[in-house]
Structure formats: C-alpha cells, structure tokens
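Structural overview
Given next are the chains, with one letter for each unit.
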Amino acid sequence: MPVRGAALVAFVGLVAFWEFAVARGYVSPIFLPAPSSVLLALGELWNAGTLWRHVSESLVRLAGGWTVGTGCGLAAGFAIGVWSLGRAVGVPFVSALFPIPKISLLPLLILWLGIGEASKIATIALGVFFPTAIATYAAIDAVPRNLIRMAQSFDLPAADVLRKVVLPGALPGILAGFRISTSIALILLVSAEMIGAQYGIGAFILQAGNLMLTDQLLAGVLLISILGLALGTALTRIERRLLRWR
Amino acid sequence: MIRITRRAALAGAVAGLAAPSLARAQNLTKTSVGVLRLSSSGPVFIAAERGYWREAGLDVELKYFTAAQQVPVAVTSGDADFGVTGLTAAFFNLAGKGALKIVAAQSREEKGFELNAYMATNAAIEKGFRSIRDFPGKRLGITTAGSTFHYALGLIARKYGFDPASVTLVPLQTLPNMQAAFKGGQVDAVIVPVTLARALEADKAGKILAWVGDETPWQLGALFTSPRAISEKRDLVERFIRGYLRGAADFNAAFNQRDAAGKEVRGTNFAETIGVVARAVQQSPELVTIGLPFVDAQGRLDVGDIYNQIAFWQQAGLVARDVNGKDIVDLSFVRGHMNVPRS
Amino acid sequence: MELVCEGISHRYGALEVLDGIDLTVRAGECLALLGPSGCGKSTLLGIMGGILKPSAGRVSVAGNPPAGSLNPITYIFQDFALLPWRTVEGNVALALEHRNLAAGELRARVGEALARTNLTEFSTAFPRQLSGGMRQRVGIARALAVDPAILLMDEPLSALDAQTRDLLMEDFLKLWLATRTTSVYVTHNLHEAIRLADRICVLSRRPGRIKEIVAVDLPQADRAMPVAARAMAELGERLWDAIRAEAQVAEREIADG
Ligand SMILES: Nc1ncnc2c1ncn2[C@@H]1O[C@H](COP(=O)(O)OP(=O)(O)O)[C@@H](O)[C@H]1O
Ligand SMILES: [Mg+2]
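On a predicted model such as this, the values are computed, not experimentally measured, just so you know. (Residues numbered from 1 in each chain as written. Chains lettered and ligands numbered in written order. Predicted model: local features only at pLDDT ≥ 70, side-chain atom pairs only at ≥ 80, totals over all residues. Heavy atoms only, no water.)

Bringing the side chain of Ser39(B) into the picture now. Checked against the element boundaries, Ser39(B) lands in the loop between β1 (29-36) and α2 (42-49). Each residue touching Ser39(B), except ones within four places of it in the same chain, is listed here: Phe251(B), Val277(B), Val281(B), Val288(B), Gly291(B), Leu292(B) and Pro293(B). (Helix = DSSP H or I, 4+ residues; strand = E, 2+ residues; numbered from the N terminus. Contact = heavy atoms within 4.5 Å.)

Next comes the structure, spelled out in structure tokens:
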C-alpha cells in the first residue's frame with residue numbers, strides 16, 4: 001500500500017507543479033494549458049450535456065470492437081494452437097497482416113462497410129484481433145505438455161483435455177493478451193472515430209486538435225486515460241478472481 | 001572525356017562561390033517562413049527563387065510543413081517568424097490568444113477560379129439534389145469541423161439563407177476517406193479541391209454543382225507573423241512583406257490574367273514562373289497549372305470576410321466569443337485593403 | 001493382471017534406445033526397472049502403457065482388470081503432473097469426471113483416495129501451497145482413485161529431497177502392500193529398488209538391454225528389520241557391481257552430450 005500511495009503523491013505533485021508553472025507564466029497556456037483549464041473544459045462538456053454522449057458512444061464502439069475482435073482472435077488462436085492445419089494456414093496469415101497499420105485501411109473499410117458504426121467497430125476489432133490471436137496460440141503453446149500427456153493417460157476425451165487442461169492452462173497468457181488488446185482498442189478509438197463520427201471521445205479529441213483547442217484536447221486525453229485506468233483495474237480484478245490458484 | 005586541370009577547377013569553384021559570398025558580405029538578416037507545398041504559397045517560392053528577399057536584405061529560410069494547422073503553430077512557438085497558409089478555425093483560436101497577426105493576403109477564392117467544388121453524388125442528384133440550395137437535410141462530408149471546407153458551407157448558407165446546422169456534417173479527416181465515403185454513397189455531398197473533384201467526376205461518382213469561388217469570393221489564406229515580431233522588429237517585417245508582395249505581383253501577373261470574356265490567358269513569364277512553383281510543390285507543371293488560385297497582386301486582404309469567418313466560427317461554437325477581428329489583423333503594412341469594417 | 005513385453009526395440013530416428021527387451025511383469029508383483037539415466041527406462045514404460053509405439057516387438061496384457069477399475073493402466077509421474085488451477089480434490093477428481101459416475105460415487109472415490117494418502121485436510125488446497133512430497137501424494141491419490149490394475153511409476157520420488165523420499169517411500173509401500181497392484185517402478189536409485197521391488201530388472205546403458213533380473217526374496221515388510229540388514233547390504237553390493245561400470249560410462253556419455 002505505501003507504494004501505491006507514492007504513485008498518488010507523485011501524480012499530485014506533478015499536477016501541482018504543472019499548474020504552478022502555467023500560473024506563474026513559465027509555460028505559455030497556448031502550449032500547455034493548466035490542469036485547471038483542462039478540468040474547466042471537462043466541466044463545460046458536462047454542462048453542455050455532451051460529455052455522456054461522447055463517452056457512451058465511444059464505450060459502445062469499444063465494447064463492440066473489442067468483443068468482435070477478441071471472439072475472432074480467440075477462435076483463430078485456438079485453431080492455430082491445437083490444430084496443425086490451422087497453424088500451417090494461420091501463422092503466416094497473422095504474421096503478414098498484423099503489422100499493417102489499421103489506419104491505412106480506413107478508406108477501404110469505408111467502401112466496404114460505410115461510415116456508420118460497422119466500420120468504426122471493424123477498425124477496433126481488426127486492431128484487437130491480431131494480438132489476441134497471437135497471445136492465445138502462444139499461451140496454448142506454453143501449456144506444459146506433460147499435463148496434456150497426463151490427461152490422455154487417464155483417457156480424457158479430447159474435448160475434456162481442451163476444456164480442462166488446455167484452456168485453463170492458457171488462461172493467464174490469454175488474460176495478459178486482453179490487457180494489451182484493451183489498450184490497443186483505446187488507441188484505435190481515435191482512428192475509428194476519424195470515420196465520420198460526430199460524437200465520441202476520439203472524435204472530440206480530433207476536433208479539439210483540428211481547432212487547436214489544447215485544453216479540450218487534453219480533456220479528451222484525460223477521459224481516455226481514465227477509461228484505460230478503469231479497464232485496467234477491472235482486468236486486474238478479473239485476473240485475481242480467475243487466477244486465484246497462482 | 002574532358003580533362004580539367006586543377007587550376008581551372010579551382011577557378012571555377014571560386015567563381016561559383018563569388019555570388020553567395022558577396023551576398024553574405026552584405027550582412028543579410030536571417031528569418032524564416034513556414035509554408036505548405038501548395039501552389040497558393042507561390043508568392044513565397046517566387047520571392048525566394050528570384051532573390052526578392054535578398055534584395056531586401058533578408059536571408060529567408062523556407063520551412064515546409066504538411067498540414068495547414070502546423071504553420072500557425074510553428075509561428076506561435078517561434079519555429080518560424082512568418083507563416084503563409086489557409087485560414088481555419090484553428091488559426092483564429094491561436095490568433096485569439098494573442099499569438100498571431102495577419103499582415104497580408106495569400107490566396108483568395110474569386111469568380112472564374114476553380115479551386116474548390118461543391119459536389120453531389122449521383123444517388124443524391126437522382127433524389128433531387130439539383131443545386132447548392134438543396135443542402136439542408138443532406139449529409140456533407142468534410143475533412144474536419146473548422147476547415148476551409150466547413151466555411152465554404154457557411155458561405156452558401158448565408159447566401160441562400162439556410163441554417164448551416166441543418167446540414168449534417170460528417171468529418172472524415174482525410175481526403176482519401178472523403179473520396180471513399182463519396183464513392184460509396186455514404187455522404188450526399190462533399191466540398192473538395194479541384195484535383196479530387198475532377199477525379200471523382202471522371203470516376204462518374206457524382207457531379208460538380210458549383211465552384212466555391214464562383215459562388216462567393218472570400219479570403220482563403222493569409223500571411224501572418226507574431227505580434228512580438230511586429231513590435232520588436234517592425235523593420236524586418238516590412239522588408240519581408242516587400243519581398244513577399246513582389247512575389248505576389250509576379251504570381252498574379254503570370255497566372256491570374258483574364259481576357260475581356262473572362263477566359264484564362266497566360267501572363268508574363270508564365271512558363272518560367274510555373275517552373276518555379278512546380279519545383280517547390282514537387283509536382284509536374286501541367287498538374288500545377290490546374291487549380292492555380294487567385295492571389296492579389298498587392299497583397300490586399302478582404303478584411304470584411306475575415307470578420308465574417310470569425311463570426312461564423314463563433315456561431316458554430318468552434319471559436320471563443322472573445323476573439324476579435326480587430327486584434328488579429330494588422331492593416332498597417334499593405335495599403336488599400338478591401339471591405340474594411342468601419343468600427 | 002500381467003504385462004508381457006516381447007522383443008521390444010525402439011529407436012528415436014537414428015538413436016537406438018531399446019534393444020530386444022523380453023520381460024513379463026507378473027500379476028501382483030512390484031518390478032523395478034533399474035538402469036543409468038538415458039538407458040531408455042522411460043521409453044520402455046511408455047511402451048508398456050501404450051502411449052508409445054515400439055519400433056519392434058509387442059506388449060500384451062493377460063487377465064482381466066479387477067471390477068471397478070476405471071483406468072486399468074495408470075501412471076504416476078516424476079514431475080507429479082498436477083493441474084495448478086485445481087485443488088487437491090479437483091486434481092483427483094479429474095481422473096474420474098469423464099467416467100459418468102454417479103455423483104455420490106465420484107465423491108466417495110475422491111474422499112477415499114485422499115484418506116488413504118492422508119490428504120483429507122488438504123483437499124481444498126492448491127498445488128502451489130503444498131510441498132513436493134505432498135504433491136506426489138496427490139499424484140498417488142489420483143492413481144489410486146481409478147483402482148488401477150497396473151501401476152506404472154516413472155521415478156516418482158526422484159524430484160524429492162532424501163528425507164521426504166524415505167518417508168513417502170514407506171507410506172507408499174504400506175499402501176501398496178494393502179493392494180499389491182501389479183506395478184512397474186522405474187528408478188535409477190538402488191535403495192528404492194531394493195526396498196520396494198519383488199524383482200529388479202537391471203538394464204544396460206543405451207541401447208537398453210536386460211542385463212539381469214534379480215529377485216529379492218525377503219518380504220518387503222521384513223526388509224527394514226535389523227536382522228535383514230546384512231542380506232540387504234549384500235544384495236545392494238551385488239547390484240551396485242552390476243550397474244557401476246555402466247553408470248560411470250553413461251554418466252560420461254551424457255556429460256559429453
Ligand atoms: N521423444 C524423444 N525423441 C528423441 N530422443 C528421445 C526422446 N525421448 C527420449 N529420447 C532419448 O532417448 C534416450 C532414452 O531416454 P529415456 O527413455 O527418457 O531414458 P531414461 O528414462 O532411462 O533416462 C535418451 O538418450 C533420450 O535423450
Ligand atoms: Mg526417465
């Protein structure tokens with residue numbers, strides 16, 4: 001706990017120093033708006049009644065994109081991890097497509113899926129899919145072979161070996177992958193909302209950047225950080241529950 | 001093979017060095033200007049190439065940027081002393097914080113200059129989108145809120161008396177995204193630069209309804225600097241503008257001439273001047289010839305329009321209410337500005 | 001049940017590991033397979049249990065498994081092979097869950113196996129909370145829960161420290177004497193073999209061949225008694241002579257890679 005307190009003290013200290021530096025004119029507010037004006041910008045958003053709209057539209061896209069990407073990524077990861085044909089086909093596929101910057105596909109996604117929610121969700125899903133697939137099959141590869149051999153020696157049917165040995169054995173690695181994929185989903189939120197979004201935290205950040213409204217820009221960034229922190233905490237909770245045995 | 005003796009080579013080198021070293025001996029004042037590689041910055045390229053600044057005692061470094069909003073940021077941060085670029089809401093937000101002052105004109109939308117087009121998709125046209133009066137209720141793809149395209153909507157809204165908020169803006173950030181959304185019919189209309197408009201028309205994706213300049217002339221871009229430079233180095237600012245205006249005059253003389261019927265005619269030094277601009281924007285002269293903007297030969301601003309721009313952005317909630325045109329424009333460097341509001 | 005190996009040879013690619021093994025594991029006996037590391041003991045055990053197909057020869061089983069045996073041929077592993085995410089009782093239950101037992105029977109079998117291995121109070125502990133010796137008890141309990149007809153044990157004690165090994169060996173012996181399940185006990189440890197086995201099959205270094213089979217005539221229950229000490233020591237020396245040279249060469253072989 002004292003370590004956790006240290007992080008808080010350091011954070012508060014940094015923010016206080018930042019506020020002070022702007023207030024005393026060491027830093028121009030054009031370049032770095034004071035924390036207080038960032039909060040003020042957030043407050044304006046709240047008063048205008050659009051804060052919740054931005055957050056909720058983004059949450060829907062994040063949840064949709066992450067769920068689709070994770071579902072497909074798990075399926076692909078399992079196919080690669082437990083099925084040699086799946087591995088032969090899947091690994092080169094994943095290696096070739098993973099490094100593509102998803103943002104460069106936006107025009108194509110618009111042509112295929114339009115500028116509604118589908119293309120935004122697909123952008124996030126694509127970003128989430130590859131790291132999930134890779135984390136999943138790597139986690140399956142890391143399940144100790146002797147445990148599988150043990151299960152087979154007791155005549156467990158293949159489905160049971162998968163469900164009772166491979167899946168729980170791969171779970172830590174898969175959950176670690178979730179940590180990465182939620183961050184990627186948040187990073188891609190801004191890209192996704194480049195596609196004709198009028199609301200959403202990403203759209204708000206883009207607009208603030210395009211208008212050089214740096215206080216609003218940082219307010220949007222703050223919202224994404226808070227979201228990231230909340231998702232990270234939730235994942236830690238889930239990990240603690242599912243991986244109690246560690 | 002020609003053999004060059006050492007002495008001959010040395011002599012050549014000395015000769016080559018002579019001109020610049022002479023210039024350096026004049027003690028040129030160093031300064032810099034932020035530009036985009038666009039033909040609308042032609043006056044800058046011409047002034048640099050033809051030594052107009054050197055004659056004014058300046059050694060001007062051209063700093064190239066890739067997006068319009070980077071230029072005012074660079075001037076604000078002191079990375080460049082001057083900037084030339086299109087006017088956007090972002091510009092007015094920075095200028096409103098006391099960081100920038102407009103001192104002369106860059107390009108202007110004018111009748112007969114086909115720079116930016118209002119376009120409708122075939123599907124929208126079939127459904128009755130016949131003219132730009134039909135914008136209300138339609139979905140318009142633009143790059144971003146606060147862009148020059150957004151203002152182009154504001155102009156026709158005022159002209160034809162509809163509420164700009166009755167048009168659904170779809171911000172798509174990049175021109176390729178806009179192109180894709182237009183082709184896919186996800187928007188009813190776009191406002192795009194001439195090259196993209198021609199390409200979309202050639203692809204039979206839609207039709208050009210009107211040209212922005214034909215509809216409403218307006219002050220597209222400007223030359224600006226920091227208030228500090230004006231108060232502390234007024235002499236330098238004046239000399240810079242002198243060189244810039246010679247470039248603007250050359251630009252206008254070469255590219256902006258029209259005959260009595262309003263048809264384009266090639267002006268003074270057309271080919272050579274196109275070459276200068278083409279090299280700077282790194283495109284073929286043929287491509288540059290399409291979409292050459294109008295630049296006032298004397299750098300005069302449409303001041304009234306700048307005030308209108310600010311009012312439009314404030315109306316849209318994109319620029320703070322306390323931003324005032326008077327504080328942003330310095331009219332003392334160029335004579336004969338147009339539409340200067342009285343107050 | 002009886003397990004008969006006839007002319008078993010095995011090679012991994014070019015590496016010849018076993019050569020012409022003829023061996024019968026008699027019903028109700030504990031047979032130790034003794035030999036230097038790398039001589040093919042684990043390989044032979046795998047072939048006996050049917051999880052490995054020999055390059056040549058065949059394995060057959062004679063007799064019927066006892067009624068109630070759920071997994072006639074059952075392994076106990078050197079590294080315990082416990083699922084870390086399952087509790088002690090969960091690990092034992094793993095061997096039973098797919099057998100479609102009545103809920104009561106499953107619980108009864110798990111409970112009994114845990115009671116026999118003195119694990120009842122640890123039934124809800126996770127493997128990481130247990131010492132090595134306790135973990136191998138779980139491995140043994142899991143094997144007992146299926147009522148095996150033949151137990152195949154691959155150096156089950158060699159991952160443990162000497163003290164734990166002795167304690168667990170005595171406990172295991174007690175359990176074994178109660179059932180006398182046909183067993184093959186692989187070890188490279190002379191003392192384990194002498195303490196547990198009815199017969200000791202000495203293998204040569206790789207490629208493994210049967211060097212000799214030594215019967216230990218004294219009943220296991222009496223071997224720890226002081227009067228038996230002398231006879232046991234003599235037997236130990238005899239076996240040591242048989243394996244020493246092989247062990248030394250094998251040692252070097254492995255060190256040389
Ligand atoms: N799957 C395998 N593939 C190739 N070589 C193996 C494999 N398993 C074991 N070996 C080799 O076969 C030899 C015998 O192995 P093993 O049966 O494990 O011996 P032991 O159990 O007596 O130590 C060793 O040299 C080992 O390296
Ligand atoms: Mg072994």
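Take the sheet that holds strand β1 (residues 2-12) of chain C next. All names here are of chain C. Ordered by their spatial adjacency, 3 strands build an open sheet running β2-β1-β4, and the pairing between neighbours is antiparallel. The outermost strands of the open sheet, each flanked by one partner alone, are β2 (15-25) and β4 (56-62). Averaged over all pairs of adjacent strands, the angle between their axes in this sheet comes to 15°, without regard to strand direction. Both β1 and β4 contribute to a ladder of 6 bridges, which runs antiparallel. The residue bridging Val 4 from the neighbouring strand is Ser 60, located in β4. (Pairing = 2+ DSSP bridges. Axes fitted to C-alpha atoms, helices over the stretch in contact; angles between N-to-C directions.)

This paragraph deals with the packing of helix α3 (residues 51-82) of chain A against helix α4 (residues 84-97) of chain A. Residues and elements named next belong to chain A. Between α3 and α4, the shortest axis-to-axis distance is 6 Å and the interhelical angle comes to 125°. Considering the angle they form, α3 stands oblique to α4. The way α3 lies across α4 gives a crossing that is left-handed. On the side of α3, the interface is formed by Ala 79, Ile 80, Gly 81 and Val 82, while α4 contributes Ser 84, Gly 86, Arg 87, Gly 90, Val 91 and Val 94. When the residues that make up the contact of α3 with α4 are grouped by side-chain class, the tally is 5 nonpolar, 4 polar and 1 charged. (Parallel < 35°, antiparallel > 145°, perpendicular 65-115°, else oblique. Left-handed = near helix turned anticlockwise from the far one by under 90°. Nonpolar A, V, L, I, M, F, W, Y, C, P; charged D, E, K, R; others polar.)

With that settled, consider the sheet that holds strand β3 (residues 82-86) of chain B. Residues and elements named next belong to chain B. Taken in spatial order, the 5 strands of this open sheet run β2-β1-β3-β12-β4, and their pairing is mixed. Edge positions in the sheet fall to β2 (58-65) and β4 (101-105), since each has one partner strand and no second. Taking the axes of each pair of neighbouring strands and ignoring which way they run, one obtains an average angle of 25° across the sheet. Examined bridge by bridge, β4 and strand β12 (residues 221-225) share 4 bridges and lie antiparallel to one another. Considered in β12, the bridge of Lys 101 is made with Thr 225. Contacts between helix α4 (residues 70-77) and the sheet are confined to β1, β2, β3 and β12, with β3 contributing the most and set at about 160° to the helix.

Attention now goes to the site of ligand 1. Residue and element names in this part refer to chain C. Every residue lining ligand 1 is accounted for by Tyr 12, Leu 15, Val 17, Pro 36, Ser 37, Gly 38, Cys 39, Gly 40, Lys 41, Ser 42, Thr 43 and Arg 206. In the environment of ligand 1, an oxygen atom lies 2.7 Å from a nitrogen or oxygen atom belonging to the side chain of Ser 42. Taking 560 Å² as the accessible area of ligand 1 by itself, protein coverage stands at 59%. When residues of the shell around ligand 1 are traced back to their parent elements, those giving at least two are β2 and α1 (41-49). Element by element, the count of residues in the shell around ligand 1 is highest for α1, at 3 residues. Classifying every residue of the shell around ligand 1 gives 5 nonpolar, 5 polar and 2 charged. (Near = heavy atom within 4 Å. Polar contact = N/O pair within 3.5 Å; in protein donor to acceptor, adjacent residues only side chain to side chain. Areas by Shrake-Rupley, 256 points an atom, 1.4 Å probe, with all protein chains shown as cover.)

The subject of this paragraph is the side chain of Gln314(B). All names here are of chain B. Summarising the element assignment, Gln 314 is placed in helix α15 (residues 303-315). Of the polar contacts made by the side chain of Gln 314, one reaches the backbone oxygen of Ala 320; its length is 2.9 Å. Those residues in contact with Gln 314 that sit more than four places away from it in its chain are Val 319, Ala 320, Arg 321, Asp 322 and Val 323.

Once that is clear, we can look at the interface of chain A and chain B. Taken together, the contacts link 21 residues of chain A with 30 residues of chain B. Buried surface at the junction of chain A and chain B, summed over both partners, amounts to about 2,100 Å²; 66% is from carbon and sulfur atoms. One can count 6 residue pairs in polar contact (both at pLDDT 80 or more) joining chain A with chain B. Those elements giving two or more residues to the side of chain A that touches chain B turn out to be α5 (106-113) and α9 (201-210) of chain A. Classifying every residue of the side of chain A that touches chain B by side-chain character gives 14 nonpolar, 7 polar and no charged. (Buried area = accessible area lost by both parts, 1.4 Å probe.)

All names here are of chain B. Splitting chain B by domain gives domain 1 (30-110 + 219-328) and domain 2 (122-216). When each unit is reduced to the centre of its C-alpha atoms, the spacing between domain 1 and domain 2 is 26 Å. Contacts between the two partners involve 14 residues from domain 1 and, on the opposite side, 15 residues from domain 2. With both sides pooled, the region where domain 1 packs onto domain 2 buries about 1,100 Å², and carbon together with sulfur makes up 73% of that total. Taken together, the links from domain 1 to domain 2 amount to 0 salt bridges. Ranked by the residues each element gives to the side of domain 1 that touches domain 2, the list is headed by α15, at 5 residues. (Domains from an automatic or database assignment. Salt bridge = Lys/Arg side-chain N within 4 Å of Asp/Glu carboxyl O.)

This next bit is on the state of the cysteines. Residue and element names in this part refer to chain C. Under the defined criterion, the tally for this structure stands at 0 disulfides over all chains. Distance from the sulfur of Cys 30, which forms no disulfide, to the nearest cysteine sulfur (Cys 201) is 13 Å. When its relative accessible area of 2% is taken as the criterion, Cys 30 is described as buried. Free cysteine: Cys 201, not disulfide-bonded; nearest cysteine sulfur from Cys 39 at 9.3 Å. (Disulfide = S-S within 2.5 Å. Buried < 20%, exposed > 50% of the residue type's maximum accessible area, 1.4 Å probe, protein only.)

Enumeration according to the criterion identifies 20 aromatic pairs over all chains in this entry. Judged by centre distance (4.8 Å) and plane angle (90°), the ring pair of Phe251(B) and Phe255(B) falls under edge-to-face. Linking Phe251(B) with Phe255(B), this pair stays in helix α12 (residues 234-255), spanning 4 residues, or about one helical turn. Assigned by exposure class, Phe251(B) and Phe255(B) land together as buried. One aromatic cluster is present, formed by Tyr151(B), Trp218(B), Phe312(B) and Trp313(B) through successive ring pairs. Looking at Arg53(A), its charged tip hangs above the ring of Tyr199(A), at a distance of 3.9 Å from the centre. If you follow Arg37(B) out to its NZ or CZ, it ends over the ring of Tyr64(B), 3.6 Å from the centre. (Phe/Tyr/Trp six-rings, centres within 6.5 Å; stacked < 30°, edge-to-face > 60°. Lys NZ or Arg CZ within 6 Å of the ring centre and 35° of its normal.)

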